[in-house]
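# Structural description and commentary
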Amino acid sequence: GATQTRPQPAAGSATTVDALIVGAGFSGMYQLHCLRDRLGLSARVLEQGSGVGGTWYWNRYPGARCDSESHSYCFTFDKELYEEWEWSERYPEQPEILRYLNHVADRLDLRRDIQLDTRVKAARWDAGANRWLVETEAGERFAATWLITAVGCLSSANVPKIPGLESFEGDWYHTGQWPHEGVDLTGKRVGQIGTGSTGIQAVPVIAAAADHLTVFQRTANYSIPAHNAPLTREFKDYVKRNREPLRALMQSTPNGHPFAIEDRSVHDLTPDEREAVYEAAWEKGGLQFRATFRDLLVDKAANDTAAAFLKRKIRQTVKDPATAALLANIDHPFATKRPPIDSHYFEAYNRPNVSLVDVRSDPIERITPTGIQLRSGAEHELDIIVFATGFDAMTGALLKIDITGRDGLTLKQAWEAGPKTYLGLQVAGFPNLFTVTGPGSPSVLCNMPVAIEQHVEWITGCIAHMREHGFARVETTPESADRWVAHVNDAADATLLPMAGHSWYLGANIPGKPRVFMPYAGGMARYRRICDDVAAHGYEGFEFA
Ligand code: FAD
């Protein structure tokens, strides 16, 4: 049968731990801390990279930085950890976030239980022994009662299959696998494919270094200026003094950011008043723009007013009218794709060494030894191609592991028609497997450290509950998962989010991937309440044995 051709990790030589955690980003590190230091379990983290940090270990492209404000993009569970770390900027750059996560690893003494350079290849539930058998790429074996995936929502890089890439005589890079030693762009003709959140960060920085930058745009995108700046002493002190209220604020909002969504409708204001609100939010910068009105993401007419404002800003910023028209030709409501923020993105198109190519009307046909050729036959000669083409989001890294649950059921089979989870935390048929920020959880619609802390703490609580009651096994039921998937769909349909039909939220960036709205759009605060209720009612929807 199909299971026989699968790797069958043998138990004999396996290293045995209570809990095995896959991934050493925010999620995996906090999970290790909770299970080892709070519950006293033996635990091991396996990480394919050569360092900790996850996203911030891999994404070293020019301009890589955070779109969450620094004082919210960190752990808040520990007072001292929060207060002793000082961020330098409003939006920290990748090296600073990576330094922070390394600091966390040292501070919580995590490294002794993190095994780097170790890719998990397969995991199989051994029902007889009530444990997961896990095999790494190098053939090493582990056995664990609990398997916790902390593999990341945006960790499986997507390089589109464009014919001819292998013939390209220059160099090419995916932004999520950027070389550690950096790339010298001096004197180079660079082509960048992709204008999502990453692409928008990269353009101005690549433009400043390269001889010429050609940006290949398929989907024009809104962007709000970040107005990044060094933090003042005053603000740093304010942050240090206010961990608790800031944490409470972040946990009370739908998206986990340290600002509340204004409780007013676009329709409450006159057009002039509205304009003033948008102008002020534009001046302030950042994701807060989305929080100016409560109905921007649920009412198309409301959203249209923000969209019109932002498109006008693009046309005012970009001097060449044809380029401006292409950049402002946005086909989806504001914030229905992951909303980028930027540092002088649109301004970069005013540089003489930057050009924009519209590959919606004239798609990329192939990559030639010397560059990129479009369907019309037009050719762009390049020395370097940068793929800012994102990720096989939310399910990619999970499905890359060959996971076999009860009765030979594989995760690939279980998710053939799209991911199905209960609370984004468990999959029916996969006992004792927890998925941190799994599909069906708020994850990417949220400031992620807030979502991650909640998930990890909930999982830790569930495992503590098992130990208290002497349970060996926990598994959600197919009925619970079906009900949750229906609720996830309803939550998405109550918003404008599904209107961006080409969004990675829907899996639309990956050919052949089922089109299912994957993150939970009901809001983080509401999600937390649901999870708390489930636990308070004896873990309703889960079965213990
Ligand atoms: P990750 O950081 O992705 O870590 C997962 C780890 O698992 C990786 O190191 C990976 O190597 C490892 N792994 C995966 N599969 C295996 C395997 N089979 N075997 C072994 N190891 C494996 N979020 C925000 O909230 N705000 C932002 O502004 C923001 N900006 C972002 C910018 C970029 C460029 C990207 C890519 C993401 C951004 N995110 C942002 C999302 C970000 O991924 C999360 O905030 C957070 O870092 C996720 O942490 P994690 O530990 O869950 O996953």
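Now for a look at the structure at hand. (Residues numbered from 1 in each chain as written. Predicted model: local features only at pLDDT ≥ 70, side-chain atom pairs only at ≥ 80, totals over all residues. Heavy atoms only, no water.)

Here three strands make up an open sheet; going across it, the order is E13-E14-E15 and the pairing antiparallel. What marks the edges here is a single partner per strand, and that holds for strand E13 (364-368) and strand E15 (379-381). Taken pair by pair, the neighbouring strands of this sheet meet at an average axis angle of 20 degrees, ignoring direction. (Pairing = 2+ DSSP bridges. Helix = DSSP H or I, 4+ residues; strand = E, 2+ residues; numbered from the N terminus. Axes fitted to C-alpha atoms, helices over the stretch in contact; angles between N-to-C directions.)

Further remarks concern the sheet that holds strand E12 (residues 354-358). Spatial strand order, E7-E16-E8-E9-E12: five strands in an open sheet with parallel pairing. Because the sheet does not close on itself, it has two edges, and the strands there are strand E7 (171-174) and E12. Taking the axes of each pair of neighbouring strands and ignoring which way they run, one obtains an average angle of 20 degrees across the sheet. Looking at chain direction, E7 and strand E16 (residues 384-387) are connected through four bridges and run parallel. Following the sheet pairing, histidine 174 is matched in E16 by phenylalanine 387. Those strands touched by helix H5 (residues 197-209) are strand E8 (189-193), strand E9 (212-217), E12 and E16, and its axis lies near 170 degrees from that of E8. (Contact = heavy atoms within 4.5 Å.)

For E9, the tally of buried residues reaches five of six residues, placing the bulk of the element in the interior. Sheet topology note: the E8/E9 ladder contains five bridges and is parallel. Across the sheet, valine 190 pairs through a bridge with leucine 213, a residue of E9. Handedness of the crossover joining E8 and E9 through H5 is recorded here as right-handed. (Buried < 20%, exposed > 50% of the residue type's maximum accessible area, 1.4 Å probe, protein only. Right-handed = clockwise from strand over helix to strand, strands pointing away.)

Looking now at the site of the ligand. Around the ligand there are 35 residues in total, and Ser27, Glu47, Thr55, Asp67 and Tyr73 lie nearest to it. Between the ligand and the protein, one listed contact pairs an oxygen atom with a side-chain N or O atom of glutamine 48 at 3.1 Å. Taking aspartate 67, its main chain carries an N or O atom lying 2.6 Å from an oxygen atom of the ligand. In isolation the ligand offers 970 Å² of accessible surface; the protein chains occlude 96% of this area. (Near = heavy atom within 4 Å. Polar contact = N/O pair within 3.5 Å; in protein donor to acceptor, adjacent residues only side chain to side chain. Areas by Shrake-Rupley, 256 points an atom, 1.4 Å probe, with all protein chains shown as cover.)

What follows deals with the pairing of E8. The element E8 is extensively covered by neighbouring structure, given that four of its five residues are classed as buried. Taken together, the four bridges between E8 and E16 define a ladder with parallel strand orientation. The partner of isoleucine 193 across the bridge, within E16, is phenylalanine 387.

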